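Inside the fold
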Amino acid sequence: MLGIKGKDLTLLGVVAVLALCAPFILNPFPQDSAMAQFNAGYPDLMQRFVIFGIFAVGFNILFGLTGYLSFGHAAFLGVGSYSAVWMFKLLSMNVIPAIILSVIVAGLFALLIGFISLRRSGIYFSILTLAFAQMSFNLAYSVLTPITNGETGLQLSLDDPRVLGTSVSDTGGIPVTNLFGLEMRETTTMYFGDWAFQFSNGYYFCAVLLLVSFYISIRIFRSPFGLMLRAVKSNQTRLNYTGLNTRPYTLAAFVISGMYAGLAGGLLASMDPLAGAERMQWTASGEVVLMTILGGAGTLIGPVLGAGFIKYFENIFSKINDNVLHQWFGGLPEGLENGLVWVAEHFVGSGWHLTLGLLFMLVVTFLPGGLVEGGTRIGRLIRGKTRRADEKSAQSKPAE
Amino acid sequence: MEAILLQILNGLDKGSAYALIALGLTLIFGTLGVVNFAHGALFMIGAFCAVTVQKVLTLSKITLDPTKTDFLGNPAQIKTPYVESWFGPDIGAALIDWSVPLAILFAIPIMLLIGVIMERGLIKHFYRRPHADQILVTFGLAIVLQELIKHYFGANQIATPAPDAFRGSFDFGAMLGMDPNVVIYPYWRLVYFAFAAVIIGAVFAFLQFTTFGMVVRAGMADRETVGLLGINIDKRFTIMFGLAAAVAGMAGVMYAPINSPNYHIGMDFLVLSFVVVVVGGMGSLPGAVLAGFLLGILESFASMNEIKSIIPGIDQIIIYLAAIIILLTRPRGLMGRKGVMEE
Amino acid sequence: MSKLLTRRGLLKSGAVGGAGLALPTIFTASSASAFTNEPTGGTVTLGFNVPQSGPYADEGADELRAYELAVEHLNGEGDGGMLNTFSSKALGGNGIMGKKVAYVTGDTQTKSDAARASAKSMIEKDGAIMITGGSSSGVAVAVQGLCQEAGVIFMAGLTHSNDTTGKDKKANGFRHFFNAYMSAAALAPVLEKLYGSDRAAYHLTADYTWGWTQQESIQAATEALGWTTVNNVLTPLAATDFSSYIAPVLNSGADVLVLNHYGGNMVNSLTNAVQFGLREKQVNGKNFEIVVPLYSELMAKGAGQNIKGIVGSQNWDWKLSDEGTAAFVKSFGTKYGFPPSQAAQTCYAQTLLYADAVERAGSFNPCAVGEALAGFEFDGLGNGKTLYRADDHQCFKDVLVVKGAEDPQDEFHLVEIVEVTPVDQVTYDPEHPMFAGGALGECNPGA
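Here the structure is a predicted model, which means the values were calculated and not measured. (Residues numbered from 1 in each chain as written. Chains lettered and ligands numbered in written order. Predicted model: local features only at pLDDT ≥ 70, side-chain atom pairs only at ≥ 80, totals over all residues.)

Concerning the interface of chain C and chain A
With 48 residues of chain C in contact, the opposing surface of chain A contributes 44 residues. Per element, the largest residue contribution to the side of chain C that touches chain A is seven residues, and it comes from helix 3 (residues 112–124) of chain C. Considered class by class, the residues forming the side of chain C that touches chain A number 20 nonpolar, 15 polar and 13 charged. (Contact = placed C-beta atoms within 7 Å. Helix = DSSP H or I, 4+ residues; strand = E, 2+ residues; numbered from the N terminus. Nonpolar A, V, L, I, M, F, W, Y, C, P; charged D, E, K, R; others polar.)

Re helix 7 (residues 187–209) of chain B
Spanning 23 residues, helix 7 of chain B covers 32 Å between terminal C-alpha atoms, matching the ideal 33 Å at 1.5 Å per step. Burial in helix 7 of chain B covers these residues: Trp188, Arg189, Tyr192, Phe195, Ala196, Ile199, Ile200, Val203 and Leu207 of chain B. (Expected span 1.5 Å × (residues − 1). Buried ≥ 20, exposed ≤ 12 C-beta atoms within 10 Å, placed from the backbone.)

Topic: the UniProt feature "domain: Leucine-binding protein" (unreviewed entry) in chain C
UniProt's feature table lists "domain: Leucine-binding protein" (unreviewed entry) at residues 43–403 of chain C, given in the numbering used throughout. For residues 43–403 of chain C, helix accounts for 40% and strand for 20%, while the C-alpha atoms at its two ends are 44 Å apart. (UniProt positions renumbered as here; feature names shortened; annotations may be inferred.)

Observations concerning the pairing of strand 7 (residues 200–206) of chain C
Residues and elements named next belong to chain C. Of all seven residues that make up strand 7, six are buried, and the element is covered over most of its length. When strand 7 meets strand 8 (residues 228–235), the two strands line up parallel, connected through seven bridges. Opposite leucine 204, over in strand 8, you have valine 233 as the bridge partner. Between the parallel elements strand 7 and strand 8, the chain passes through helix 6 (residues 209–225) in a crossover that is right-handed. (Pairing = 2+ DSSP bridges. Right-handed = clockwise from strand over helix to strand, strands pointing away.)

Here's the deal with the interface of chain C and chain B
Contact with chain C, which involves 39 residues of that partner, is made by 39 residues of chain B. Of all the elements in the fold, those that place two or more residues in the side of chain C that touches chain B are helix 2 (57–74), strand 8, helix 7 (243–246), helix 8 (264–275), helix 9 (297–303) and helix 10 (323–336) of chain C. Considering only residue class, the side of chain C that touches chain B consists of 16 nonpolar, 16 polar and seven charged.

Examining the sheet that holds strand 5 (residues 153–156) of chain C
All names here are of chain C. Across the sheet, which stays open at both edges, the five strands sit in the order 3-2-4-5-6 with parallel pairing between neighbours. Every other strand in the sheet has two partners, leaving strand 3 (100–107) and strand 6 (173–175) as the edge strands with one partner each. Neighbour-to-neighbour, the strand axes of this sheet turn through a mean angle of 20°, independent of strand direction. Note that strand 2 (residues 43–50) and strand 4 (residues 130–133) share three bridges and pair parallel. Within the sheet, the bridge partner assigned to leucine 46 lies in strand 4 and is methionine 130. The strands touched by helix 3 are strand 2, strand 3 and strand 4; relative to strand 3, the strand with the most contacts, the crossing angle is about 150°. (Axes fitted to C-alpha atoms, helices over the stretch in contact; angles between N-to-C directions.)

Some thoughts on the UniProt feature "transmembrane region" (unreviewed entry) in chain B
As recorded in UniProt, the sites labelled "transmembrane region" (unreviewed entry) are residues 15–35, 42–64, 91–114, 190–216, 237–258, 270–298 and 310–328 of chain B. Here residues 310–328 of chain B runs as 84% helix and 0% strand, with 25 Å between its end C-alpha atoms.

Remarks on the domain arrangement of chain C
Residues and elements named next belong to chain C. Considered domain by domain, chain C is made up of domain 1 (7–178 + 319–392) and domain 2 (181–314 + 414–426). Computed over C-alpha atoms only, the centres of domain 1 and domain 2 are separated by 33 Å. When contributions to the side of domain 1 that touches domain 2 are tallied by element, the ones reaching two or more residues are helix 2, helix 4 (137–150) and helix 11 (342–361). (Domains from an automatic or database assignment.)

Re the environment of asparagine 272 of chain C
Residue and element names in this part refer to chain C. Residue position: asparagine 272 is located in helix 8. For asparagine 272, a count of 25 C-beta atoms within 10 Å corresponds to the buried category. A C-alpha to C-alpha distance of 9.3 Å links asparagine 272 and asparagine 306, two positions 34 residues apart in sequence. If we skip the residues at most four places from it in the chain, asparagine 272 touches Asp241, Phe242, Ser243 and Ile246.

Considering the confidence of the model for chain C
With 92% of its residues at a pLDDT of at least 70, chain C reaches an overall mean of 88. Low confidence marks residues 1–31 of chain C, where pLDDT is under 50. Its contacts with residues over four positions away, or in another chain, come to 70 contacts. (pLDDT = per-residue confidence, 0-100.)

Quick look at the structure:
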């Protein structure tokens, strides 16, 4: 089906089910329970999971397949965001032209940077991409303020000259982003006992694009082109000796992954029409590297998992304050309560970075293949058990 | 002319900071083949050694002064540092004044220890792992170290002044027969420059003239063969890691008076020091030092008004622009060796 | 028709429509409530969005302390703080309109993007009816824009750029903190008194929007005194070492250095300038002086000895002698063991002002609250008589000119008040060119 088969098809199916049911899966706790803090099923975060998933999937096409470690990928995401917001300002609030433009602009930008940076390999390549991205960030923050609105970030305003559409909505506000009239921020809430599940148009729009991106990524991984990229990773020199010029292949991979980043940037702006320069900073580039490695570089699903993992900590753990902690441990004797709160405080709220750092170290130390490796191990454990059970039953049969 | 002279001085000073950090980073790159994203954190911990020493020296006995009131209207607390009550006000005050240079003595063993623990406890397990894994684990470590420091010292910068003797600046212009106040440079920055030169020289001499250094250099060139010769290269590499940590730490201590440190100071330097190392060329110590000074001087020149008025914003990007140009014209940076970190 | 909707906003309709139903009940947005996140239960949730990581984390922590204190006082716990001195007596210590005040916190990371994500989660997940906090103008403007779209009130924390209530002003956004223009207007007469009217100034300016607006304001105000501006040099935000910008200053003919920097930039540039010995030099026959237009207690601490004698401006200081300040310092100091910063005071005041406006309006509806706040005159919150101007939602009040203390009694006395510039001197026309180009627009209640 769809030109993919076997495990890949299953994987795509699993991702599709997970993405479509995310509002349920991410909201496992009743909304007034103490655990509701850990619910992640609200539109903004779900959108972020999916969008950064797309970003990481695209990054993985370059890094996972060719081994070229770009440290400047956030620049493409940022450029994508700026293009999309400009499209909203000038053309229309429909997300389709905005996203198309972000992908194209990011692709062109990637072509330029890739063409130059890919003249070098290894760490020299990484530093070249880093340098380009940092230049983009520094300029966007200062000199390019007329285009980027600098520190504040590019926002919509009430006097945008929108060619197809109005500058001001009927209610006197800024019009909202939409897909042919379907508002991106519209959310339907479903109540089921104590649970509330939120279904956001924007989220489902992003989820569909994630599935498309994921599908394309599978096709690339399994194509002759993908094979060529892997060959570049395993031994570029040998490939060159066979008379093959690898540059067009790596450049194609670089541009494709740049376009993925542009798509992610365009989607970010479509969900929330703001484009900030920080999106291009090296920390943002570093983040996608971390997402990919954490999830499992070179695997199909790993980057998506890594993206979800990091965004979850950033958005959920940072919001747990000592007030919440006291509520959790409120039933305990006071001394114990305060002790537990004191310990837990280090890891949540303003200490969320610490938890993330520790988890980076633990995951990479004990799961060399990233989170995917963890999943495989658990899978093997379960299968191993069933196999053993099978063996047992097989052994016991003759005795019957 | 004066302006150029001034910016060369500035560039040398900035460059010495870059070179010191890049030196340690290259030692780890070159000897161990590890991409150490926690190197900035080591620099930061060094700076906090200075903070700690200052805090310890200013630990105070609290007495109440009924003539003054504090912010709540209670009698004001008068703090007398213990060192002043033990050694007398003069020596005590001098000790506090000289807390940053004193911190060097404290920082060396601490940083060596931290380096050795890091290498034995963590980095050792990552020698044979892909660079990507090394980045993830050292970045995680950097975050953890940063957060610990933030938790105990806060996020705000902490003033760690240089000794009073080094306050003010030296008038080079007057010495060279120019007008006074034209080419001046702060004493402490000159000290920093001299200090950096000594450390860099010492590291080179150590690698060049000792047997230990010879083995390490051989290990950098071909680790396997050295191992086959029956030399315990691992133990030496551990020591090298400790040494690199100590260099970063001392750079941090001495830098504390120039910019009041906070927990983030290492991250600010991290990216820059990677650029410096790579521009210098992977695996080359002289390259790292050269690149450090070169980029420092370029950065200083780019911040001159005359240049900024021609190309606005050039000081924002000069380091990266220079890095791109150098890497495109010299494939392995200034003095890089073939085959190091090129895959 | 805007349909942004969230959980808490729907609770009420859920309750009416059939709470506890086991069958899924789907509500569409339009049938819900009058405005975003209308509080329906016994509590009302406020969103405290402050920097908890990054360079302003300590400032964020102080803001959070102030918010927690404000919530305590609103709920009738503690000693009541400035509720007792506040000129409006609508609040009775029984929450807001009888609802107990609850709160959620988030980390802005001092990045527009992260701040918006955090604010969105408060609105979408936690049902926050008001967002407040922040420690930079970029963040304030970004979050203010978000709140306008989402239909909740934004009570800005520390933000000093003219743009927040200038070209980026929004109907749902309110600023208690002062701005760059006011700093300049307050500083200028004091500078003239201290340093004379014949001075040449050299500006170092952080190269982003806040820096530019402050530089523009200071330059205009000082040139009106007769000062000349020798040069304005933009410095990269990421710069940590300012030596190469400071080195040419002495030779430029300038005799005053104005540092339009904040936070780490300010601490470093001031430290560097003092290291160069600028303050001991004589230029044009006068003592060389340094001015830092925007001061904060935390920056003063970071710069240590170097701030001695340096003049700047503040929104508020705990050493003021009015009874509002005294009450606030007492309850904050008793609870936390040190006096509050100006960021804490502005955040505390903003929370009280919001709560009071709700009480007076008799509704949580952002439009009603906005109406109650606009043009509101009050006293007793530490800044003297204050007006929340209707034209741009900016507070007008006295501005403090402060100076680094020569011999501080302890670490809380690092700055001393030089002068309290009366509000008339810092008031400007809403159409002033530095603030022109934006519009409040219509208030947005969300649903």
